[in-house]
Amino acid sequence: MAHFYLVEHLESAAPGDRVSVTGAEARHAVTVSRIGVGEELTIGNGAGLVVTGSVVSAEHAELVLEVGSVLEHPRRDPALFLVQALAKADRDELAVQAATELGVDGVVPWQAARSISRWEGSKVAKGRDRWAAIVREASKQSLRPWIPDVLDLVSTKQLASLASGARMLVLEPTALQPLTALEPDGRDLLVVVGPEGGVSPQELEQLVAAGAEPVRLGPEVLRTSTAGPAAIAVLNGVLGRW
């Protein structure tokens, strides 16, 4: 597997420059991955910049790379977001991880009416930080030039307001329109996935009134941990990403 590390503070680089990797990333590269002098390494800043080069120094506290090539990756347009309802155990986290590996541009945690898991008080910041750590590690694993954005927790009312600025698709097993028949119109896409008990009728009515479109994946009813990633995979094909 290719070695890919994130150095978020890296703003620019050119062939011949030397770039330092420090902290936990350096320790992992040297002690876990056993990266040594002369090996080729790829580093990204999570904001589109990716540099590849040879390691000229490998210490636990700092790894130094001599840049050989530099690539700038633009953000994808239209953007694709997953609105994931909070779910029990780690099912919402599994969805966020898989969606990141599949190329989602951002994730939005949603406190749905039927969510068993609740983010309240200090759990709000803790939960968002946990999702941010998941997308960061999944981005490294999948060699992504852009780390997905993790937006703030939204209520159903706040979620409905997002439909005015993007095309909102609510996964609903009883919907008539299949996701595979979607025709992109240039707007950013928000894929809404309910919790274990699904999107409540009241929530669906509220979102549709705001402009959301109910869509279905297929005859099977998927878990909340798999529905979002499955939809992202379908949309990758529809949008020509794959």
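Residues numbered from 1 in each chain as written. Predicted model: local features only at pLDDT ≥ 70, side-chain atom pairs only at ≥ 80, totals over all residues. Heavy atoms only, no water.

Where an unreviewed UniProt entry is consulted, the chain appears under the name Ribosomal RNA small subunit methyltransferase E, with the organism given as Antiquaquibacter soli. We quote the UniProt Subcellular location (unreviewed entry) comment for the chain here in full: "Cytoplasm". Comment text from UniProt for the chain, heading Sequence similarities (unreviewed entry), reads "Belongs to the RNA methyltransferase RsmE family." (UniProt positions renumbered as here; feature names shortened; annotations may be inferred.)

Peer 1: If you had to explain the UniProt feature "domain: Ribosomal RNA small subunit methyltransferase E PUA-like" (unreviewed entry) in the chain to someone new, which residues and values would you point to?
Peer 2: Per the UniProt record, the feature "domain: Ribosomal RNA small subunit methyltransferase E PUA-like" (unreviewed entry) sits at residues 21-61. Within the segment residues 21-61, helix and strand shares are 24% and 41% respectively, and the terminal C-alpha atoms sit 8 Å apart. (Helix = DSSP H or I, 4+ residues; strand = E, 2+ residues; numbered from the N terminus.)

Peer 1: Provide a residue-level description of the sheet that holds strand 11 (residues 213-215), including the pertinent values.
Peer 2: Across the sheet, which stays open at both edges, the 6 strands sit in the order 8-7-6-10-9-11 with parallel pairing between neighbours. Each of the sheet's edge strands pairs with one partner strand only, and the pair in question is strand 8 (149-150) and strand 11. Two strands pair when backbone bridges link them, and strand 9 (residues 167-171) and strand 11 are joined in this way by 3 bridges, in the parallel orientation. From the neighbouring strand, Val-170 faces strand 11, where its bridge partner is Pro-214. Strands in contact with helix 5 (residues 201-209) are strand 7 (106-110), strand 9, strand 10 (189-193) and strand 11; relative to strand 9, the strand with the most contacts, it is inclined by about 160 degrees. Its contacts with the sheet place helix 6 (residues 224-238) against strand 6 (80-85), strand 9 and strand 10, and it is angled at close to 155 degrees to strand 10. (Pairing = 2+ DSSP bridges. Contact = heavy atoms within 4.5 Å. Axes fitted to C-alpha atoms, helices over the stretch in contact; angles between N-to-C directions.)

Peer 1: Tell me about the pattern of salt bridges, and name the residues and values.
Peer 2: Any two side chains of opposite charge can pair, given that their charged atoms come close. Following the criterion strictly, the structure yields 13 salt bridges and no others. For Glu-137, the salt bridge identified is with Arg-136, shortest N-O distance 3.6 Å. Bridged by salt links that share partners, the residues Glu-8, Glu-25, Arg-136, Glu-137 and Lys-140 form one connected network. (Salt bridge = Lys/Arg side-chain N within 4 Å of Asp/Glu carboxyl O.)

Peer 1: Quick one: what's the story with the packing of helix 2 (residues 91-101) against helix 3 (residues 122-141), residue by residue and with numbers?
Peer 2: Axes are the key here: two packed helices are described by the angle between their axes and the distance separating the axes. Packing of helix 2 against helix 3 leaves a shortest axis separation of 8 Å and a crossing angle of 35 degrees. Between helix 2 and helix 3 lies a crossing of right-handed hand. Of helix 3, the residues touching helix 2 (which contributes Asp-92, Glu-93, Val-96, Gln-97, Thr-100 and Glu-101) are Arg-130, Trp-131, Ile-134, Val-135, Ala-138, Ser-139 and Gln-141. Grouping the amino acids of the contact of helix 2 with helix 3 by side-chain chemistry returns 5 nonpolar, 4 polar and 4 charged. (Left-handed = near helix turned anticlockwise from the far one by under 90°. Nonpolar A, V, L, I, M, F, W, Y, C, P; charged D, E, K, R; others polar.)

Peer 1: Residue-level account of the sheet that holds strand 1 (residues 4-6), with values.
Peer 2: Across the sheet, 5 strands lie side by side as 1-3-4-5-2; this open sheet has mixed pairing. Looking at the sheet topology across the chains shown, the edges are occupied by strand 1 and strand 2 (18-22). Within this sheet the neighbouring strands show an average axis-to-axis angle of 40 degrees, counted without direction. Where strand 3 (residues 40-44) meets strand 4 (residues 49-58), 5 bridges bridge the pair, whose relative direction is antiparallel. For Ile-43, the partnering residue across the bridge sits in strand 4 and is Val-51. Each of strand 1, strand 2, strand 4 and strand 5 (62-72) touches helix 1 (residues 23-32); the most contacted strand, strand 2, lies at about 90 degrees to it.

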